[in-house]
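Coordinates in review
Single-letter residue listing:
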Amino acid sequence: MSHDSEPTPLSAAPGAPLRGRLRPPGDKSISHRAMILGLLSIGETRVEGLLEGDDVLRTAAAARALGASMERLGEGRWVVRGVGIGGLSDPAETLDFGNAGTGSRLMMGVVGGQPVTATFDGDASLRSRPMRRILDPLRLMGTQVLAEAEDGRVPLTLRGPREAIPIRYETPAASAQIKSAVLLAGLNAPGTTTVIEAAATRDHTERMLRLFGAEVSVTPHGPDGHGRAVALTGQPTLRGTEVVVPADPSSAAFPLVAALIVPGSEITIEGVMMNPLRTGLITTLIEMGADIERLREREEGGETVADLRVRASRLKGVDVPAERAPAMIDEYPVLAVAAAFAHGTTRMNGLHELRVKESDRLAAVAAGLKANGVAHLIEGDDLLVHGDGAAPPGGGTVATHLDHRIAMAFLVMGLATAEPVTVDDGAMIATSFPSFLPTMQALGAGIGE
Ligand code: S3P
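In this text the structure is predicted, and so the values were computed from the model without any measurement.

1. Structural notes on the packing of aromatic side chains
Within a pair of aromatic rings, the relevant descriptors are the distance that separates the centres and the angle that separates the planes. Inspection of every chain in the model, using the stated rule, returns three aromatic pairs. Taken together, a centroid distance of 6.4 Å and an interplanar angle of 85° make the contact between Phe-254 and Phe-436 edge-to-face. In this pair, Phe-254 is assigned in helix H8 (residues 249–261) and Phe-436 in helix H13 (residues 436–442), connecting sequence segments 182 residues apart. Consider the rings of Phe-433 and Phe-436, whose centres lie 5.4 Å apart with planes at 70°: the pair is edge-to-face. Like Phe-433, the residue Phe-436 is buried in the burial classification. A connected cluster of aromatic rings, assembled from ring pairs, spans Phe-254, Phe-433 and Phe-436.

2. Here's the deal with the environment of Glu-206
Mapped onto the elements, Glu-206 comes out in helix H7 (residues 204–211). When the C-alpha positions of Glu-206 and Thr-119 are compared, they lie 26 Å apart, and in sequence the two are 87 residues distant. Setting aside anything within four residues of it in sequence, one finds Glu-206 in contact with Lys-179, Leu-183, Val-216, Val-218 and Val-230.

3. A few points about the sheet that holds strand E23 (residues 421–423)
Strands pair in a sheet through their backbones, by hydrogen bonds, and they do so in one of two ways: parallel or antiparallel. Taken in spatial order, the four strands of this open sheet run E22-E23-E1-E24, and their pairing is mixed. The open sheet has two free edges, formed respectively by strand E22 (397–398) and strand E24 (446–448), since each of these has just one partner strand. Of the strand pairs in this sheet, strand E1 (residues 10–13) and E24 are connected by three bridges, and their pairing is antiparallel. For Ser-11, the partnering residue across the bridge sits in E24 and is Gly-448. The strands touched by helix H12 (residues 404–413) within the sheet are E1, E22, E23 and E24, with E23 carrying the most contacts at an inclination of about 165°.

4. Looking at the site of the ligand
In the vicinity of the ligand, the contacting residues are Ser-29, Arg-33, Thr-102, Ala-174, Ser-175, Ala-176, Gln-177, Arg-202, Ile-329, Asp-330 and Lys-357. Within the side chain of Ser-29, an N or O atom sits 2.7 Å from an oxygen atom of the ligand. Gln-177 places a polar main-chain atom, nitrogen or oxygen, 2.9 Å from an oxygen atom of the ligand. Elements represented by at least two residues in the shell around the ligand include exactly helix H1 (28–40) and helix H6 (176–186).

5. Some details on the domain arrangement of the chain
Under the domain assignment used here, the chain contains domain 1 (10–26 + 246–448) and domain 2 (28–244). Here the C-alpha centroids of domain 1 and domain 2 sit 28 Å apart. Each partner contributes to the interface: domain 1 provides 26 residues, whereas domain 2 provides 27 residues. Regarding the contact of domain 1 and domain 2, the summed buried area is about 2200 Å², with carbon and sulfur atoms giving 52% of it. Put simply, domain 1 and domain 2 have four salt bridges between them. Ionic pairing is found between Glu-358 and Arg-129, a salt bridge with its closest N-O pair at 3.8 Å. The interface formed by domain 1 and domain 2 contains 13 residue pairs in polar contact (both at pLDDT 80 or more). Here the side of domain 1 that touches domain 2 is built from residues that sort into eleven nonpolar, seven polar and eight charged.

6. A short note on H8
The terminal C-alpha atoms of H8, which comprises 13 residues, lie 18 Å apart, in line with the 18 Å expected from a rise of 1.5 Å per residue. Counting buried residues along H8, 13 of its 13 residues qualify, which places the element largely inside the surrounding structure. For H8, the capping residue at the N-terminal end is Asp-248, with a side-chain oxygen 2.8 Å from the backbone nitrogen of Ser-250.

7. Quick look at the packing of H8 against helix H10 (residues 332–340)
Look at H8 against H10: their axes get within 10 Å of each other, and the N-to-C directions meet at 0°. In terms of their interaxial angle, H8 and H10 are classed as roughly parallel. Touching Ala-253, Phe-254, Val-257 and Ile-261 of H8 are Val-334, Val-337 and Ala-338, all from H10.

8. Quick look at the pattern of salt bridges
Summed over all chains, the structure comprises 40 salt bridges. Here Arg-133 makes a salt bridge to Glu-353, at a shortest N to O gap of 3.0 Å. With Arg-133 in helix H5 (residues 132–140) and Glu-353 in the loop between strand E19 (343–348) and helix H11 (361–371), the pair connects residues that are 220 residues apart, well separated along the chain. By the burial criterion, Arg-133 is buried, and Glu-353 matches it. A salt bridge links Arg-311 to Glu-266; its shortest N-O distance comes to 3.2 Å. Of this pair, Arg-311 sits in strand E17 (residues 303–311) while Glu-266 sits in strand E15 (residues 266–273); the two residues are 45 residues apart in sequence, bridging distant segments of the chain. For Glu-266, a relative accessible area of 32% translates into the label partly exposed.

9. Some points on the packing of helix H3 (residues 101–112) against H5
Between H3 and H5, whose axes approach to 10 Å, the crossing angle comes to 15°. Comparing their axes, H5 and H3 come out roughly parallel. Every pair of crossing elements has a handedness; the one defined by H3 and H5 is right-handed. Of the residues in H5, those in contact with Arg-105, Met-108, Gly-109 and Gly-112 of H3 are Arg-133, Ile-134 and Leu-138.

Parameters and conventions
Residues numbered from 1 in each chain as written. Predicted model: local features only at pLDDT ≥ 70, side-chain atom pairs only at ≥ 80, totals over all residues. Heavy atoms only, no water. Phe/Tyr/Trp six-rings, centres within 6.5 Å; stacked < 30°, edge-to-face > 60°. Helix = DSSP H or I, 4+ residues; strand = E, 2+ residues; numbered from the N terminus. Buried < 20%, exposed > 50% of the residue type's maximum accessible area, 1.4 Å probe, protein only. Contact = heavy atoms within 4.5 Å. Pairing = 2+ DSSP bridges. Axes fitted to C-alpha atoms, helices over the stretch in contact; angles between N-to-C directions. Near = heavy atom within 4 Å. Polar contact = N/O pair within 3.5 Å; in protein donor to acceptor, adjacent residues only side chain to side chain. Domains from an automatic or database assignment. Buried area = accessible area lost by both parts, 1.4 Å probe. Salt bridge = Lys/Arg side-chain N within 4 Å of Asp/Glu carboxyl O. Nonpolar A, V, L, I, M, F, W, Y, C, P; charged D, E, K, R; others polar. Expected span 1.5 Å × (residues − 1). Parallel < 35°, antiparallel > 145°, perpendicular 65-115°, else oblique. Left-handed = near helix turned anticlockwise from the far one by under 90°.

See the structure below:
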């Protein structure tokens, strides 16, 4: 499938302090959802600040194949004309989601709840990722799985019912993708679809459904109140609206950690989304002693955003509680890099979900640390990284396994190790942060081919 082209190795070398300002690209989670709800609504959805990374473009192409029409007005400015719930048509071809777990899983929820038939596929990474977590609840809602690869993986073909069956579903993992797929299928169910999650995960689907006119209630759940019950009233009329996409905190994480570990650096990262279900990395880095100031906090597109002023800092090891994982699930690779420069041991607890990301991130991070001389240990689902406050040796080549965040995390590492760090393939960076190289180079980072 996609991404069969030659790998692009990249290297990062230690150098001068990083200086300057940047605005990371639009949030990936919100960009996918804007395309999907644009498809499911009546009228025009105008999007500003869309992430034009490969993952989101795949979701846009799938929305078009299911009946939406779209126009790109300029950089990040798109208009989507939707077909409304029930108005989807069978796509003529397989929906190829490339590397995109979020796009494919959310769109499975859409197709699974509507009377259409579609085949989903993707690259080698997506073909290795578990989809049963989505197919199980969809089957309860009336979706037929007409074909699936071994063990419920893509390529797979779904056919949705005329109307979905409303369910009350407890997610088996803390996953916003599972929650979102069920809610999106529930849009075509006559009645209330409820998702119970034991720990709160990112709430962009709930927020955006409301923005488009759906009724969604969210109540605390469980003995400690950390969980959520999310209830959607089915068969609403969604109306196209305006979506302003804030800068992605998961992309901001890379220049942020780079500025902390390259001595003498000071940068400002503008317009970063501060949704508390996404800011676990910032909380953790501040506990480690990072000098991060939140400036000009304001509302943008229904989210709080801030400019982050980041200065190089002496970091110390901390214990990262498992409960924080949903709020920083994509940030562990780059946190492991920060931990390699810290004094003492950083223990990251409860990382089992990292094993089913774009790669087995726990294994990929451990291998990257090993290749660059960083002492570490995996204990069950926990990762321990040992630092002595000095720059690690570096000098290694890291296998990225088609995983953009592994590539970016270890390139950041190479900006401050004793010797340069190489990643075997940087092509996947385009899935979430297409301007990563020029953005980092503009700050003074020595990253290139
Ligand atoms: C996402 C949810 C997370 C995250 C992914 C984006 C989303 O996945 O890792 O990058 O937009 O809903 P899980 O829901 O599988 O944890």
